[in-house]
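The chain contents come next:
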Amino acid sequence: MHIPDAFIPMGQALVYWVIALVFIALALRWARRSMGEEKIPLVAVLAAGIFAIQALNIPIPWGTSGHMVGAALAAIVLGSPFAGVFVLTLVLLVQGIIFGDGGITVMGANIVNMGVVGGFIGYYGYTAVKAVIGNAYAAAFIAGWASLFISAILCAIELAVAGTFPLALGLTMMGTYHAVIGLIEGGITAVALYLIASARPDILERPTGVSA
Amino acid sequence: METKRFVVIGIAVALVIAVAAPFLASGNPDGLESAFFSIYEAKPFMGSELDEDAAGAAEEQVIATTGNDFSYGALMPDYSIPGMDKTGEVLAVVIGTLLMLALVFAVAKVSARPDN
């Protein structure tokens, strides 16, 4: 879902950068307040894992493919939507600058879509669904799916505003493809949460409430 | 599981995925690219045949629409090393994974509160 440079006019790209910078500042404040020394290596490993798995595009039907974003996973594991913003901002920086994946002028939009929306929908979706159905892993699956799907819907709206995609067509196609790609996001989010909860239950800010 | 062991296993898992990714990753365009090609009629919505000429024309049309002609030459474009084949792709993802590890570690170290 990485938007390339040409897809958004410069002025609009700047607006998304401003929004992104506000959330990046808040994410740094979260890191200062909530991330203790002992967690730093674990956050670094989580980010490295998210980067590696993002490079693995999984085929879905209709000649397209999709990969995990990971903001929901980071937010759920570290117990804050800002953890998703923190990790995804750094992942997107490296992807854009070193690997040409996602534009530079539009990086703000990519951070908003994947980091901010992914982190917030992932975290609050997980909290809300878990409160209702009780199962942490089912909640992680649903939150992972929703974080990706809603990011894609927002992306379609941004590209409609940019004049790149017609609104109805953009929503239909982005929605359809990402409803399927979201299953990958949800599945990996649930499995990774299970593995982390099994190995290091103490890392989780909120216990999963399921004996691993 | 102690932190050191968790970190070592975590890095090992990330590197295994990184090495495998270039061999397993789909060559099909991702969801956004696919939607883009379909909207500009270079690829059917529910099919896979991509018309390369139409895809090229679509890219030019987008630049003309948005006026954003900024272009940037990445060091390792599309997770590859120019002039190298599969080995370059494996190296690119491995380098990226290790770089990620170092960068997040450094930024977290600087931003986290030191007394905790």
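Residues numbered from 1 in each chain as written. Chains lettered and ligands numbered in written order. Predicted model: local features only at pLDDT ≥ 70, side-chain atom pairs only at ≥ 80, totals over all residues. Heavy atoms only, no water.

### Focus on the overall build of chain B
Piece 1. Helix and strand counts for chain B stand at four helices and zero strands.
Piece 2. Ordering the α and β elements of chain B from the N terminus gives α-α-α-α.
Piece 3. Computed over C-alpha atoms, the radius of gyration of chain B comes to 20 Å, more than 25% over the 13 Å expected from 2.2 N^0.38 for 116 residues, which places it beyond the range of a compact globule.
Piece 4. Counting across all 116 residues of chain B, residues that qualify as buried make up 39%.
Piece 5. For chain B, long-range pairs separated by at least 24 residues make up 31% of all intrachain contacts whose partners lie at least 6 apart in sequence.
Piece 6. If you average the places of the 6 positive and of the 15 negative side-chain charges in chain B, the two averages end up 25 Å apart. (Helix = DSSP H or I, 4+ residues; strand = E, 2+ residues; numbered from the N terminus. Rg over C-alpha atoms; globule rule 2.2 N^0.38 Å. Buried < 20%, exposed > 50% of the residue type's maximum accessible area, 1.4 Å probe, protein only. Contact = heavy atoms within 4.5 Å. Lys, Arg positive; Asp, Glu negative; His and termini not counted. Charge placed at Lys NZ, Arg CZ, Asp CG, Glu CD.)

### Some thoughts on the UniProt feature "domain: PDGLE" (unreviewed entry) in chain B
Piece 1. Here the UniProt-annotated "domain: PDGLE" (unreviewed entry) positions come out as residues 4-112 of chain B.
Piece 2. Note that residues 4-112 of chain B is 65% helix and 0% strand, and that its end C-alpha atoms are spaced 19 Å apart. (UniProt positions renumbered as here; feature names shortened; annotations may be inferred.)

### A short note on the UniProt feature "transmembrane region" (unreviewed entry) in chain A
Residue and element names in this part refer to chain A.
Piece 1. Mapped onto the present numbering, the UniProt feature "transmembrane region" (unreviewed entry) falls at residues 6-28, 40-62, 68-94, 106-126, 138-165 and 177-197.
Piece 2. Between the C-alpha atoms that bound residues 40-62 there is a distance of 41 Å. The span itself is 65% helix and 13% strand.
Piece 3. Annotated as 100% helix and 0% strand, the span residues 177-197 places its first and last C-alpha atoms 30 Å apart.

### Overview of unusual backbone geometry
Residues and elements named next belong to chain B.
Piece 1. Positive phi, normally seen in glycine, also occurs at Glu41, with a value near 55°.
Piece 2. Structurally, Glu41 can be placed in the loop between α2 (31-39) and α3 (52-66).
Piece 3. Despite not being glycine, Tyr79 has its phi angle at roughly 55°, a positive value.
Piece 4. Along the polypeptide, Tyr79 turns up in the loop between α3 and α4 (86-111).

### Examining the interface of chain A and chain B
Interface size is often expressed as the accessible area that is lost when the parts come together.
Piece 1. With 72 residues of chain A at the interface, the matching set in chain B holds 62 residues.
Piece 2. For the pair chain A and chain B, the interface holds one salt bridge.
Piece 3. As a salt-bridge pair, Lys109 of chain B and Glu37 of chain A come within 2.7 Å of each other at their nearest N and O atoms.
Piece 4. At the junction of chain A with chain B, the criterion picks out 24 residue pairs in polar contact (both at pLDDT 80 or more).
Piece 5. Elements with a minimum of two residues in the side of chain A that touches chain B: α1 (10-34), α2 (40-54), β1 (58-60), β2 (64-66), α4 (81-99), α6 (136-162) and α7 (167-199) of chain A.
Piece 6. In terms of residues, the side of chain A that touches chain B owes the most to one element, α2 of chain A, which gives twelve residues. (Salt bridge = Lys/Arg side-chain N within 4 Å of Asp/Glu carboxyl O. Polar contact = N/O pair within 3.5 Å; in protein donor to acceptor, adjacent residues only side chain to side chain.)

### Examining the packing of aromatic side chains
Piece 1. Under the counting rule described, the total for this entry stands at 16 aromatic pairs over all chains.
Piece 2. Aromatic pair Phe7 of chain A and Phe165 of chain A: ring centres 6.5 Å apart, planes at 65°, arrangement edge-to-face. Remark: Phe165 of chain A occurs in the loop between α6 and α7 and Phe7 of chain A occurs in the segment before α1; sequence separation between them is 158 residues.
Piece 3. Taking the relative accessible area as the measure of exposure, Phe7 of chain A reaches 6% and is therefore buried.
Piece 4. By relative accessible area, Phe165 of chain A is classed as buried at 3%.
Piece 5. Following the ring pairs from residue to residue traces out a cluster consisting of Phe7 and Phe165 of chain A together with Phe36, Phe37 and Tyr40 of chain B.
Piece 6. The positively charged end of Lys86 of chain B is found above the aromatic ring belonging to Phe23 of chain B, 5.9 Å away from the centroid. (Phe/Tyr/Trp six-rings, centres within 6.5 Å; stacked < 30°, edge-to-face > 60°. Lys NZ or Arg CZ within 6 Å of the ring centre and 35° of its normal.)

### Thoughts on a nonpolar patch on the surface
Piece 1. On the surface, Met10, Leu93 and Ile97 of chain A together with Phe70 and Tyr72 of chain B cluster together into a nonpolar patch covering about 400 Å² of accessible area.
Piece 2. Structurally, Ile97 of chain A is set in helix α4.
Piece 3. Residue Ile97 of chain A is classed as partly exposed on the basis of its relative accessible area, which comes to 38%. (Patch = residues over 30% accessible without salt bridge, like charges linked within 9 Å, V, L, I, M, F, W, Y side chains within 5 Å. Areas by Shrake-Rupley, 256 points an atom, 1.4 Å probe, with all protein chains shown as cover.)

### Things to note about the UniProt feature "transmembrane region" (unreviewed entry) in chain B
Piece 1. The sites that UniProt annotates as "transmembrane region" (unreviewed entry) are residues 90-108 of chain B.
Piece 2. For residues 90-108 of chain B, helix accounts for 100% and strand for 0%, while the C-alpha atoms at its two ends are 27 Å apart.

### Quick notes on the environment of Pro9 of chain A
Piece 1. Examined against the element boundaries, Pro9 of chain A turns out to sit in the segment before α1.
Piece 2. If we skip the residues at most four places from it in the chain, Pro9 of chain A touches Ala162 of chain A together with Thr66 and Asn68 of chain B.

### Observations regarding helix α5 (residues 107-133) of chain A
Residues and elements named next belong to chain A.
Piece 1. In a regular helix each residue adds 1.5 Å, so 27 residues correspond to 39 Å; α5 covers 36 Å between its end C-alpha atoms and thus fits that length.
Piece 2. The largest bend along α5 measures about 30° and falls at Gly118.
Piece 3. Trailing α5 by a residue or two, Gly134 shows a phi angle of about 85°, which is positive. (Expected span 1.5 Å × (residues − 1). Bend = angle between axes of the 7 residues up to and from the residue.)

### Examining a negative patch on the surface
Piece 1. A cluster of like negative charges, contributed by Glu33, Glu59, Glu60 and Asp78 of chain B, occupies part of the molecular surface.
Piece 2. For Glu33 of chain B, the position within the fold is in helix α2.

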